Amino acid sequence: MQTTVQATARFAGAGLHTGAPVRMSICPAPANHGIKFLRTDIHLGNALVPALWDHAEHSPLCTLIKNDANVSVSTIEHVMAALVGCGVHNALIKVDGPEVPVLDGSAAPFVRGLMSAGIKRLKAPIKVIEVLTPVEVHTAQGWARLGPGKGLTMDFHIDFADKAIGRQSKSLNLANGTFVRELCDSRTFCRVADVEAMRAAGKALGGTLENAVVVDGDTVLSPGGLRHDDEAVRHKMLDALGDLALAGAPIL
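Report on the accompanying structure. What you see is a predicted model, and the numbers here were worked out from it, not measured in a lab.

### Description of unusual backbone geometry
The phi dihedral of T75 falls on the positive side, at around 55°, and the residue is not glycine. The residue T75 is located in the loop between β8 (72-74) and α1 (77-85) in this model. Given a relative accessible area of 5%, T75 falls into the buried group. Of note, N176 is a non-glycine position whose phi angle comes to about 55°, a positive value. On the secondary structure map, N176 appears in the loop between β14 (167-173) and α3 (178-183).

Have a look at this one:
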């Protein structure tokens, strides 16, 4: 059966790239509503942005969606991962700015908020997407493949020059709460040189050592170090799950 949140879950923090304060609420929605964002700071025209693949725009530093009225919401990947990882199919997400709050750089605060609000089953069957033949995408930076399977499993590999990250691999079956147990608390990460470059370009203005894992060669600069030895690849899996949620239905 389809699900939604039982009650509204509220969050507040800074946007990772803008640094501006933002408030966000995840509200209940009816069956077949899907996941949609509503820009509450926009009072004229269409401020509703569906979280769907055909509304995604190329953005190298985050996932950004935009509607036909040119209204956008960015850095949605962590909250989208939390929703799909907690089994929520329908929600109206109200946000009073152009970017979702980064909070601690992971999906864990969103998961805690969703679990506190509760999940409600709806009287409607779930429609799913079944992958029947392999689909591959290649870029200069890497490649991804979707293949047939009975559920959703993920096999992920990364390779960075920085020794604090290096080569990492992880495979998970993402059924039965695996996302909450294994992935949701892993934070976004970057190199200190990238932070300096992004800020010079007017990006990552809200990034701090408290909401991202920042590395410099073989050193982790963020206080407390890593939450997992392989936190980087776990976070990439988190991001991928959030982006796959833009398909608009659970993927087999």
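### A closer look at the pairing of strand β4 (residues 35-39)
Judged by which residues are buried, β4 turns out to be one-sided: I35, F37 and R39 face inward and are buried, whereas K36 and L38, on the alternate face, are not. As paired elements, β4 and strand β9 (residues 91-95) share five bridges and run parallel to each other. Paired with L38 across the two strands is K94, which belongs to β9. With three bridges connecting them, β4 and strand β5 (residues 48-50) associate as antiparallel partners.

### Quick notes on the pairing of strand β3 (residues 21-27)
Taking burial as the measure, the seven residues of β3 include five buried ones, the bulk of the element. Sheet analysis places strand β2 (residues 9-14) next to β3, joined by six bridges and oriented antiparallel. Residue pairing in the sheet places A14 in a bridge with P21 of β3. Where β2 folds back onto β3 in an antiparallel hairpin, the turn is made up of six residues, including G19, whose phi is positive at roughly 75°. Note that β3 and β9 share four bridges and pair antiparallel. Paired with M24 across the two strands is V95, which belongs to β9.

### With respect to the nonpolar core
When a protein is soluble and globular, its nonpolar side chains tend to lie buried together. By size, the foremost hydrophobic cluster in this structure holds 43 residues, and its most contacted members are M24, I26, F37, M80, L83 and F179. When residues of this core are traced back to their parent elements, those giving at least two are β2, β3, β4, α1, β9, α2 (108-117), α3 and α5 (231-244). Other than its neighbours up to four places away in sequence, M24 contacts A9, R10, F11, V79, I93, K94, V95, V100, P101 and F110. By size, the runner-up hydrophobic cluster in this structure holds eight residues, among which are I158, A164, F189 and A232.

Reading the values: rules and limits
Each chain carries its own residue numbering, running from 1 in the written order of its sequence. Reporting of local features is limited, given that this is a predicted model, to residues whose pLDDT is at least 70; pairs of side-chain atoms are given and counted only at 80 or more, and all residues count toward the totals for whole chains, interfaces and linings. Hydrogens and water are ignored here; the side-chain numbers use all heavy atoms of the structure. Numbered from the N terminus, helices here are DSSP runs of H or I no shorter than four residues, and strands are runs of E no shorter than two. Here the term buried applies to any residue with accessible area under 20% of the maximum for its type, exposed to any over 50%, and partly exposed to those in between, with areas from a 1.4 Å probe on protein chains only. Each pair of strands is called paired provided DSSP finds at least two bridges between the two strands. Among buried residues, those of type Ala, Val, Leu, Ile, Met, Phe, Trp, Tyr and Cys that are joined through side-chain atoms within 4.5 Å constitute a nonpolar core. We call two residues in contact whenever any of their non-hydrogen atoms come within 4.5 Å of each other.

Any link to function would need more than the numbers given here.
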